[in-house]
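Structural overview
The chain contents come next:
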Amino acid sequence: MSPTVQELRNAIRVATGRFEREVKASFTKEELQAVCEALGVDVGEAGRSSTSQMRRLIRVQVGIVESLESASGSTFRKADLQALADEVGA
């Protein structure tokens, strides 16, 4: 059976040194920064990237999209989360 979106998010959180959440919640800014660190993504100026910018950088790094210009800054969909989980070893 395929994991749920919440299970994927929690697996990614654990793989990046964060705690699981019992409630459904998208990634916080700090969690996105941890994902960027785990993937070796340069978030720029002292880690002050916005959450949408970090999502775009992550999508490019994982290979979900080809370029930063074509990357969406919206919350991750299930397919995005699965690719991200595979990349961080969750």
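Read on for a plain summary of the structure. (Residues numbered from 1 in each chain as written. Predicted model: local features only at pLDDT ≥ 70, side-chain atom pairs only at ≥ 80, totals over all residues. Heavy atoms only, no water.)

**Some details on the pattern of salt bridges**
Inspection of the entire model under this criterion finds 3 salt bridges. Across the pair Glu31 and Arg13 runs a salt bridge whose closest N-O atoms are separated by 2.8 Å. Placement of Glu31 in helix α2 (residues 29-39) and of Arg13 in helix α1 (residues 5-15) is noted, with a sequence separation of 18 residues between them. Accessibility expressed as a relative area gives 6% for Glu31, which makes it buried. Residue Arg13 is classed as buried on the basis of its relative accessible area of 1%. One network of salt bridges, with partners in common, ties together Arg13, Arg21 and Glu31. (Salt bridge = Lys/Arg side-chain N within 4 Å of Asp/Glu carboxyl O. Helix = DSSP H or I, 4+ residues; strand = E, 2+ residues; numbered from the N terminus. Buried < 20%, exposed > 50% of the residue type's maximum accessible area, 1.4 Å probe, protein only.)

**Observations concerning the nonpolar core**
By size, the foremost hydrophobic cluster in this structure holds 18 residues, and its most contacted members are Ile12, Leu39, Ile58, Phe76 and Leu84. Apart from the residues lying within four places of it in its own chain, the contact partners of Phe76 are Arg9, Phe27, Leu32, Arg55, Ile58, Arg59, Leu81 and Leu84. (Core = buried A, V, L, I, M, F, W, Y, C linked by side-chain atoms within 4.5 Å. Contact = heavy atoms within 4.5 Å.)

**So, the packing of helix α3 (residues 51-62) against helix α4 (residues 78-88)**
At their nearest, the axes of α3 and α4 sit 10 Å apart, and the two run at 65 degrees to each other. As the angle between them shows, α3 and α4 are arranged roughly perpendicular. The two elements α3 and α4 meet at a crossing, and its hand is left-handed. Packed against α3, whose contacting residues are Ile58, Arg59 and Val62, the element α4 presents Asp80, Ala83, Leu84 and Glu87 at the interface. Broken down by class, the residue content of the contact of α3 with α4 amounts to 4 nonpolar, no polar and 3 charged. (Axes fitted to C-alpha atoms, helices over the stretch in contact; angles between N-to-C directions. Parallel < 35°, antiparallel > 145°, perpendicular 65-115°, else oblique. Left-handed = near helix turned anticlockwise from the far one by under 90°. Nonpolar A, V, L, I, M, F, W, Y, C, P; charged D, E, K, R; others polar.)

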